[in-house]
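Structure assessment
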Amino acid sequence: MSDLKASVQETNHGFHVEGYEKIEYDFTFVDGVFDVANPHLAECYRKWGRVLAVTDKNVYGLYGRKMENYFNHYNLKLKVHQTSIGEKAKTIDTFLEIADSMTEFGIIRKEPVLVVGGGLVTDVAGFACAAYRRNTNFIRVPTTVIGLIDASVSIKVAVNYGRYKNRLGAYHAPLHTFLDFTFLRTLPVAQVRNGFAELIKISSCSHIQVFDLLDKFCEQLIETRFGRADGSRDEIRRAADIINREGIYEMLKLESPNLHEIGLDRVIAYGHTWSPMHELIPETPLRHGHAISIDMAYSATLAKERGLLPDKEYHRLLSLFSRAGLSIDHPQFDDEVLDKGTAAIMKTRDGLLRLAVPSPLGSCTFLNDVAPQELQSALKKHKEIVKRYPREGAGIEAYVDSSDTGYTDLETENLSVEKAAREAGVLGETQSIANGFKGACETNGHTSLLGVNVGVDDHANGHAMDSSRPVSDATSNRKAGQEILVR
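Presented here is an overview of the structure given in this document. As the structure is a computational prediction, the values presented were derived from the model and not from experiment.

1. Regarding the packing of aromatic side chains
Tallying each qualifying case throughout the model produces 13 aromatic pairs. Their ring planes at 40° and their centres at 4.8 Å tell us that Phe95 and Phe127 sit as a pair that is tilted. Residue Phe95 is found in helix H3 (residues 92–105), and its partner Phe127 is found in helix H4 (residues 119–131); the two are separated by 32 residues along the sequence. Across this residue pair, the class does not change: Phe95 and Phe127 are buried. Their ring planes at 40° and their centres at 6.2 Å tell us that Phe196 and Phe226 sit as a pair that is tilted. One end of the pair, Phe196, is in helix H6 (residues 189–206); the other, Phe226, is in the loop between helix H7 (208–223) and helix H8 (234–255), with 30 residues separating them in the sequence. Phe196 gets classed as buried once you look at its relative accessible area, which sits at 0%. Phe226 sits in the buried class, given a relative accessible area of 1%. Pairwise contacts between aromatic rings join Phe34, Tyr45, Tyr63, Tyr70, Phe71, Tyr74 and Phe183 into one cluster. Its end group placed over the ring of Tyr164, Arg167 keeps NZ or CZ at 4.2 Å from the ring centre.

2. Points about a nonpolar patch on the surface
Together, Ile92, Leu96, Tyr161 and Leu168 line one region of the surface with nonpolar side chains, adding up to about 340 Å² of accessible area. Relative to the assigned elements, Leu168 resides in strand S9 (residues 164–171).

3. Here we look at the side chain of His330
Its location among the elements puts His330 in the loop between helix H11 (311–323) and helix H12 (335–348). Beyond its immediate stretch of four places on either side in the chain, His330 contacts His278, Pro282, Leu286, Ile294, Lys383 and Tyr399.

4. Here's the deal with H11
Look at H11: 18 Å from first C-alpha to last across 13 residues, which is about the 18 Å you get at 1.5 Å a residue. Within the span of H11, buried status applies to Tyr314, Leu317, Leu318, Leu320, Phe321 and Ser322. Looking at the buried residues of H11, the elements they touch are H6, H7, helix H10 (288–305), strand S11 (355–358) and helix H13 (372–386). Phi for Gly325, located one or two positions after H11, is positive at around 80°.

5. Points about the nonpolar core
In terms of nonpolar packing, the biggest core is built from 73 residues, with Phe196, Ile200, Leu214, Leu221, Phe226 and Leu318 touching the most fellow members. When residues of this core are assigned to their parent elements, the largest contribution, nine residues, is made by H10. Tyr63, Met67, Phe71 and Leu175 belong to the second-largest nonpolar core, a separate cluster that totals 26 residues.

6. Observations concerning the environment of Arg349
In this structure, Arg349 sits in the loop between H12 and S11. The spacing of Arg349 and Gly263 is 86 residues in sequence and 9.4 Å in space, taken between C-alpha atoms. Excluding its chain neighbours within four sequence positions, the residues that come into contact with Arg349 are Leu264, Ala269, His272, Thr273, Arg354 and Leu355. Among the polar contacts listed, one links the side chain of Arg349 to the backbone oxygen of His272, at a separation of 3.2 Å. Of the polar contacts made by the side chain of Arg349, one reaches the side chain of Thr273; its length is 3.0 Å.

7. So, unusual backbone geometry
Across the junction of Ser359 and Pro360, the peptide omega takes the value -10°, indicating a cis bond. If you trace the backbone, Pro360 turns up in the loop between S11 and strand S12 (364–367). Of note in the backbone geometry, Arg133 takes a positive phi value of approximately 55° without being a glycine. Tracing the sequence through the fold places Arg133 in the loop between H4 and strand S7 (138–142). A relative accessible area of 40% means that Arg133 is categorised as partly exposed.

8. Structural notes on the pairing of S7
Buried residues dominate S7, accounting for five of its five residues. Judged by which residues are buried, S7 turns out to be covered on both faces: Phe138, Arg140 and Pro142 on one side and Ile139 and Val141 on the other are all buried. Across five bridges, the pairing between strand S6 (residues 113–117) and S7 is parallel. What sits directly across from Val113, in S7, is Phe138.

9. Some details on the packing of H10 against H13
Viewed as axis vectors pointing N to C, H10 and H13 meet at an angle of 110°, and their least axial separation amounts to 9 Å. Classified by the interaxial angle, the pair formed by H10 and H13 is roughly perpendicular. On H13, the residues that touch Ala297, Tyr298, Thr301, Leu302, Lys304 and Glu305 of H10 are Glu374, Leu375, Ala378, Leu379, Lys381, His382 and Ile385. Of the residues that constitute the contact of H10 with H13, the class distribution is seven nonpolar, two polar and four charged.

Thresholds applied
- Residues numbered from 1 in each chain as written.
- Predicted model: local features only at pLDDT ≥ 70, side-chain atom pairs only at ≥ 80, totals over all residues.
- Heavy atoms only, no water.
- Phe/Tyr/Trp six-rings, centres within 6.5 Å; stacked < 30°, edge-to-face > 60°.
- Helix = DSSP H or I, 4+ residues; strand = E, 2+ residues; numbered from the N terminus.
- Buried < 20%, exposed > 50% of the residue type's maximum accessible area, 1.4 Å probe, protein only.
- Lys NZ or Arg CZ within 6 Å of the ring centre and 35° of its normal.
- Patch = residues over 30% accessible without salt bridge, like charges linked within 9 Å, V, L, I, M, F, W, Y side chains within 5 Å.
- Areas by Shrake-Rupley, 256 points an atom, 1.4 Å probe, with all protein chains shown as cover.
- Salt bridge = Lys/Arg side-chain N within 4 Å of Asp/Glu carboxyl O.
- Contact = heavy atoms within 4.5 Å.
- Expected span 1.5 Å × (residues − 1).
- Core = buried A, V, L, I, M, F, W, Y, C linked by side-chain atoms within 4.5 Å.
- Polar contact = N/O pair within 3.5 Å; in protein donor to acceptor, adjacent residues only side chain to side chain.
- Pairing = 2+ DSSP bridges.
- Axes fitted to C-alpha atoms, helices over the stretch in contact; angles between N-to-C directions.
- Parallel < 35°, antiparallel > 145°, perpendicular 65-115°, else oblique.
- Nonpolar A, V, L, I, M, F, W, Y, C, P; charged D, E, K, R; others polar.

It is worth stressing that arrangement in space is one thing and function is another; only the former is reported here.
Structure below.
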């Protein structure tokens, strides 16, 4: 919500307007946001008697029935706009499909759209809400690590334009964000790893205690999906809860005084100097977490070469990236990316590089006086160093795949999501996202997220096949968003 206070004064040549806008919005931690025992979300829609939800089709495939049951329980009519949103579908076309659904629904001024999904979904749908009638309310329910930890904190919403990330967008705060980490039970491990990078980002530059916990429990946090997988040790769950809460709180403290990015020296921009360009260069794009990890690792090398980051802390940081299976180098992260990426980001940062680097771990400094020759020299040194790390610096499952490409016409699209869902007990062996949830799934008496009985022992090992080679690119044809009216 916002409250604008303004004054108008006459001047010698016209008028002077001065306005101050109060922005306020809430975060609520809840386990099981769509459990009927939790009325918090429904209360936000009681006034309207209905809900327009925007979500991606994988999330709806897993949680659609639970969403329907939840809103039916509270006598709220639910209409769902399903879309597939990945980096290649984070476009104006997807934005317009959502706007069309808002028109067909007849959204009323101040009526909030419900946005359920990862950071890409909340970015595009949030931008549609920002543009629709210039200001339509929305409520966020993020479902991925990046969505929960990073995208939920910012009020930035956007789509990609050309080969540039987030080139078209706005600053638009949601009314409310519900943080439900039980969604991680069905998140593919590759996506857990993807979000882990954002926690390294904030902790290495601003919260050493969180960094220590990430370093101590790295592999277990990824394997157990931040302690949400069945059989997770209490110690891991407690550590994950501290990491998540403190990470979000730290980013809010850093971002809240600068919601509209008037100040351009931003701690949370660590890893976001060259990654916006590099992420989309490979034929199959890099996952965001891997792209920023490469950027962060290289920036750390530059800081070490300048004497800003002690050698021991530098290798501790690179080791954490590597242990997490995150990329710290890539063949196409080269002099050309540095040159073009620097030129592009300096336009965004008002003519200065404003390169955030840890110095030392847990704190941050900014570099502006970096010559092209120094960047190139540091890159050469960086590539020599990372060759000594596992996989020679390559990441595990570094490229977008069926869980985040944004295509709806691939038979293989749902496989990694379905695998995670089966491990979590949400899908039975004979069920699929594409075909819906038909048939019961009963063993051992454990209650799944859909309320059917399943037996589950979820210990994904987190060491997937090394995907240093990209998956084959897919056709760019997308089906239009699907809509379902639930009465």
